[in-house]
Amino acid sequence: MRDLLSRPSTAFACAAALYLSGTLCAVADDLPLPQGDILLTISGAVAHTNQDDTTVFDMQMLQDLDTRAFTTTTIWTEGAQKFTGVPLKALMAHVDATGTTLRATAINDYAVEIPIDSLADDAPIVAYFLNDAPMSVREKGPLWVVYPYDAKEDYRNEVIYSRSIWQLDRIVVE
């Protein structure tokens, strides 16, 4: 072995192999790539990524995270509706977000700001199911930031309603 490492080309090859093996290990620690259509892109101050310096999610990746469901009425729908999704706080923990504000943007470029310190363990959720079925764009989907509005009076005000962005497709952590 000592003889092999004394040759410059062999030493370079060994150093390159060690470097590459470390790089491959670092990539393996990051998040998996989506296998389906990308529904959500998270960028900005995030430590865990899977596509360049962003994190992209398909439906299965979102469903694999901590799921919550609740039934609530909204000012946009008739009657009580069941919403299922991942808590936004858990999603931010999953990507190791280190910023203070989320800039959430919809398909039509409507954007809102949500302070990270306003996120509770169970609310809001990034809902991907409405009444146990995926939401179409026409139904405010495929992703909708929803609060359990009936659970607390604090969730029934203009600020919270404005943060309840539907057709969500990207979040920038600032």
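As the structure is a prediction and not an experimental result, all values here were calculated from the model.

Conventions used here
- Residues numbered from 1 in each chain as written.
- Predicted model: local features only at pLDDT ≥ 70, side-chain atom pairs only at ≥ 80, totals over all residues.
- Heavy atoms only, no water.
- Helix = DSSP H or I, 4+ residues; strand = E, 2+ residues; numbered from the N terminus.
- Buried < 20%, exposed > 50% of the residue type's maximum accessible area, 1.4 Å probe, protein only.
- Core = buried A, V, L, I, M, F, W, Y, C linked by side-chain atoms within 4.5 Å.
- Pairing = 2+ DSSP bridges.
- Phe/Tyr/Trp six-rings, centres within 6.5 Å; stacked < 30°, edge-to-face > 60°.
- pLDDT = per-residue confidence, 0-100.
- Contact = heavy atoms within 4.5 Å.
- Polar contact = N/O pair within 3.5 Å; in protein donor to acceptor, adjacent residues only side chain to side chain.

A few points about the overall build of the protein
Piece 1. Looking only at helices and strands, one finds 5 helices and 10 strands in the protein.
Piece 2. For the protein, the proportion of its 174 residues judged to be buried stands at 39%.

Section: the nonpolar core
Piece 1. Counting residues in each nonpolar core, the largest one holds 43 residues, and the members touching the most others are Ile42 and Leu91.
Piece 2. A total of 6 residues in this core trace back to one element, the largest contributor, which is strand S7 (residues 125-130).

Overview of the pairing of strand S1 (residues 40-44)
Piece 1. Of the pairings in the sheet, the one linking S1 to strand S2 (residues 55-57) comprises 3 bridges and is antiparallel in character. If you follow isoleucine 42 over to S2, its bridge partner there is threonine 55.

Considerations on unusual backbone geometry
Piece 1. Following alanine 123, the chain continues to proline 124 via a peptide bond in cis, the omega torsion being 0°.
Piece 2. Along the chain, proline 124 turns up in the loop between strand S6 (111-115) and S7.
Piece 3. Put simply, glycine 141 and proline 142 share a cis peptide bond, and its omega is 5°.
Piece 4. The topology assignment puts proline 142 in the loop between strand S8 (133-134) and strand S9 (144-146).
Piece 5. Despite not being glycine, aspartate 132 shows a phi value in the positive range, around 65°.
Piece 6. Within the secondary structure, aspartate 132 sits in the loop between S7 and S8.

As for the packing of aromatic side chains
Piece 1. All chains considered together, the criterion is met by 11 aromatic pairs.
Piece 2. Taking the centre distance of 5.5 Å and the plane angle of 75° together, the rings of tryptophan 76 and tryptophan 166 count as edge-to-face. With a gap of 90 residues between them, tryptophan 76 in the loop between strand S3 (68-72) and strand S4 (81-87) and tryptophan 166 in the loop between helix H5 (158-163) and strand S10 (168-173) connect regions that are remote in the sequence.
Piece 3. Overall, tryptophan 76 belongs to the partly exposed group, its relative accessible area being 25%.

Brief notes about the environment of glutamine 167
Piece 1. Note on placement: glutamine 167 falls in the loop between H5 and S10.
Piece 2. Through-space distance from the C-alpha of glutamine 167 to that of leucine 40 is 10.0 Å; in sequence the pair is 127 residues apart.

A few points about the pairing of strand S5 (residues 101-106)
Piece 1. Most of S5 sits inside the fold, with 5 of its 6 residues counted as buried.
Piece 2. Where S5 hands over to S6, the hairpin turn is made up of 4 residues, of which aspartate 109 adopts a positive phi near 75°.
Piece 3. Pairing of S5 with S10, which is carried by 5 bridges, proceeds in the antiparallel orientation. Within the sheet, the bridge partner assigned to alanine 104 lies in S10 and is isoleucine 171.

Observations regarding the confidence of the model for the protein
Piece 1. Overall, the predicted model of the protein reaches an average pLDDT of 87, with 83% of residues at or above 70.
Piece 2. Taken as a whole, residues 1-29 scores under 50 in pLDDT and shows 4 contacts with residues more than four places along the chain or in a different chain.

Here's the deal with the environment of serine 118
Piece 1. Looking at where serine 118 falls in the secondary structure, it is placed in the loop between S6 and S7.
Piece 2. With relative accessibility at 32%, the residue serine 118 sits in the partly exposed group.
Piece 3. When the C-alpha positions of serine 118 and lysine 89 are compared, they lie 9.2 Å apart, and in sequence the two are 29 residues distant.
Piece 4. One polar contact links the side chain of serine 118 to the main-chain carbonyl oxygen of proline 115, over a distance of 2.6 Å.

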